[in-house]
Amino acid sequence: MREQVATRVTGRPVALPVTVLMLLAVLAGCTSAPEPAPDGRPAAGRWQPEPGTDWQWQLSGRLDTTVDAPVYDIDGFEHDAAQVAGLHRKGRKVICYLSTGAWEEFRPDADDFPAAVLGKSNGWAGERWLDIRRTDVLRPLMEARIAMCAKKGFDAVEPDNMDGYRNRTGFPLTAADQLRYNRLIARAAHRHGLSVGLKNDLPQIPQLVGDFDFAVNEQCAQYEECAQLSPFVKAGKAVFHVEYELPLARFCDGSRRLGLSSLLKKYELGVWRRQCPAAGN
C-alpha cells in the first residue's frame, strides 16, 4: 500500500493460536499446486481471474455482501470461514488480504515477530516495515497466515507491502531481496492451493508475472504507471486497480484500453465504491 497519513480502521479479531496455525501450515505444505507456465500464462488447478473482472475491495467496516461483484477482497484475519462460505454461496470468489511485508501491532500474532525484524513505520498507524531478508523468521509466520486463509476457504491471497525495497524501511533492502521474498510468498500460497496477487511493485512485474496469478494496484493512473501492468493482462491475468484521488473521467478510458479492473475508492477501503461506466456511457 502506498505510504499515507490516513489510519486504516481495523479491530483485534479472535483467531487460532499461531502455534496451531503453524502446524496446519506444515501439514498443508505436504501437498503442492501446479507451478505457473514458463511464459507467465495461468497455471491449471487454481482460480484464475481474467482481465476485466469486476471486484469489490473492503478492508474496513461491517462487511456488505450485497455488492454486485464477482470478486471480493477482504481482510483475512477479520473474517471467518462462515463469511467466506456465505460469499461463495452468492457465487463470489474471495481474496484474503494479508500484510506480508509489514508488521501490524493489532494482529493476534504480533508478539511472534522479534524486534530485530521490525523497521520504520510504513505510514499507517501501528505498522512497521519488515526485514524481508530474514526469511528464517518470516517464512513460518507467513506460512501460518496463508494456511489460515486456506483453512477459512479463501480462493486467493492479496499480500500487501510487497515493495519495501523502494521505501525507507530502516533496512538496506535490495531489488534482489524483494524478488526472493515475493517469490517465497507466491510459492507458499500455491502450496496451499491459493491464487496470489502481486501488490504494486511495478518495476519487478517482468520478473514476477510468471509467479503471480493476478495483480493488485493502487493509483497507477495518478502516477502514470498503468501501462507497466500490461504483462499481466497479456498473460490473461486480471489487474485489480483502484484510484483514490482522481475522478472516474480521468482514468476510466485508459483503464478500459489496458484491460484493467478499475474502481474509485476512499482510502479507508470501506463499502463505498464507484465503477467505471460502460464504454460509450
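To be clear, the structure that these remarks concern was listed above.
First things first, this report covers the structure right here in the doc. Please read these numbers as outputs of a predicted model, since none were measured by experiment.

Cut-offs applied
Along each chain, residue indices are assigned from 1 in the same order as the chain's sequence is written. In keeping with the predicted nature of the model, local features appear solely for residues at pLDDT of at least 70, side-chain atom pairs appear and are counted solely at 80 or more, and the whole-chain, interface and lining totals rest on all residues. To obtain the side-chain values, all non-hydrogen atoms of the structure were included, while hydrogens and water were left out. Comment: elements are numbered from the N terminus, with helices defined as DSSP H or I runs of at least four residues and strands as E runs of at least two. Remark: exposure states derive from per-residue accessible area (1.4 Å probe, protein chains only) relative to the maximum for the residue type, with buried under 20%, exposed over 50%, and partly exposed in between. Values of accessible area rely on a 1.4 Å probe in the Shrake-Rupley scheme; residue burial ignores everything except the protein chains shown. Here the aromatic set is Phe, Tyr and Trp, taking the six-membered ring for Trp, and pairing holds for ring centres within 6.5 Å; pairs whose planes are under 30 degrees apart are stacked, those over 60 apart are edge-to-face, and all others are tilted. Counted as over-ring charges are cases with an Arg CZ or a Lys NZ within 6 Å of the ring centre that also lie within 35 degrees of the ring normal. Pairing between strands is defined by DSSP: at least two bridges between them are needed. By convention, a crossover is right-handed whenever its connection, traced from the first strand over the helix to the second and viewed with the strands pointing away, goes clockwise. Criterion for a salt bridge: a side-chain nitrogen of Lys or Arg within 4 Å of a carboxyl oxygen of Asp or Glu. We call two residues contacting when some pair of their heavy atoms lies within 4.5 Å. Under this scheme, a helix contributes an axis fitted over its contacting stretch, all axes are lines through C-alpha atoms, and angles between N-to-C directions fall in the 0 to 180 degree range. When two cysteine sulfur atoms lie within 2.5 Å, the pair is treated as a disulfide.

## Remarks on the overall build of the protein chain
Phase 1: A tally of helices and strands in the protein chain yields seven helices and 12 strands.
Phase 2: By the burial criterion, 55% of the 281 residues in the protein chain qualify as buried.
Phase 3: For the protein chain, the accessible area works out to roughly 11,800 Å², and carbon and sulfur atoms hold 53% of it.

## Some points on the packing of aromatic side chains
Each aromatic ring pair is summarised here by two numbers: the centre-to-centre distance and the angle between the ring planes.
Phase 1: According to the stated counting rule, one finds five aromatic pairs in the structure shown.
Phase 2: Arranged with centres 6.2 Å apart and planes meeting at 55°, the rings of Trp47 and Phe214 form a pair that is tilted. Here Trp47, found in the loop between α1 (18-28) and β1 (56-58), pairs with Phe214, found in strand β9 (residues 214-218); they are 167 residues apart in sequence, far enough to count as distant.
Phase 3: The class of Phe214 is buried, set by a relative accessible area of 0%.
Phase 4: In textbook terms, an aromatic cluster arises when at least three aromatic residues are bridged by ring pairs, as seen for Trp47, Trp55, Trp57, Phe214 and Phe240.
Phase 5: One residue, Lys266, lies across the ring of Trp272, its end atom 4.9 Å from the ring centre.

## So, the pairing of strand β11 (residues 261-264)
Phase 1: Residues of β11 alternate between two faces, with Ser261 and Leu263 on one and Ser262 and Leu264 on the opposite face, all of them buried.
Phase 2: Taken together, the four bridges between strand β10 (residues 239-243) and β11 define a ladder with parallel strand orientation. Within β11, the position partnered with Phe240 by the bridge is Ser261.
Phase 3: For the crossover that starts at β10, traverses helix α7 (residues 248-258) and ends in the parallel β11, the hand is right-handed.

## Focus: the pattern of salt bridges
Phase 1: On inspection of all chains with the given rule, the structure shows 16 salt bridges.
Phase 2: Note that Arg145 and Glu104 form a salt bridge whose closest N and O atoms lie 4.0 Å from each other. A residue pair is termed long-range when its members are at least 10 positions apart, and Arg145 in helix α3 (residues 135-152) and Glu104 in strand β4 (residues 102-104) qualify at 41 residues. Both residues of the pair, Arg145 and Glu104, count as buried.
Phase 3: Between Lys199 and Glu158 there is a salt bridge, and its shortest N-O distance comes to 2.6 Å. Here Lys199, found in strand β8 (residues 195-199), pairs with Glu158, found in strand β7 (residues 156-160); they are 41 residues apart in sequence, far enough to count as distant.
Phase 4: The class for Lys199 is buried, based on a relative accessible area of 0%.

## With respect to the sheet that holds β11
As a general point, the strands of a sheet are linked pairwise by backbone hydrogen bonds and lie either parallel or antiparallel.
Phase 1: The strand order across the open sheet formed by nine strands is β1-β2-β3-β7-β8-β9-β10-β11-β12, and the pairing between neighbours is mixed. Looking at the sheet topology across the chains shown, the edges are occupied by β1 and β12 (274-275).
Phase 2: Note that strand β3 (residues 93-99) and β7 share five bridges and pair parallel. Across the sheet, residue Ile95 finds its bridge partner in β7, namely Ala156.
Phase 3: In the packing of α7 onto the sheet, the strands contacted are β10, β11 and β12, and the crossing angle to β11 comes to about 175°.

## What to know about the state of the cysteines
Phase 1: Taken as a whole and assessed by the stated rule, the structure comprises three disulfides.
Phase 2: Two residues share a disulfide in this structure: Cys96 and Cys149, whose sulfurs sit 2.1 Å from each other. Taking the sign of the S-S torsion, -50° for the link of Cys96 and Cys149, the bridge is left-handed. Here the residue Cys96 occupies a position in strand β3, and Cys149 occupies one in helix α3, the gap between them amounting to 53 residues. Residue Cys96 shares its accessibility class with Cys149, and that shared class is buried.
Phase 3: Each disulfide pairs two cysteine sulfurs, and for Cys220 the partner residue is Cys226, the sulfurs being separated by 2.0 Å. With the S-S bond torsion at 85°, the cross-link from Cys220 to Cys226 turns out right-handed.

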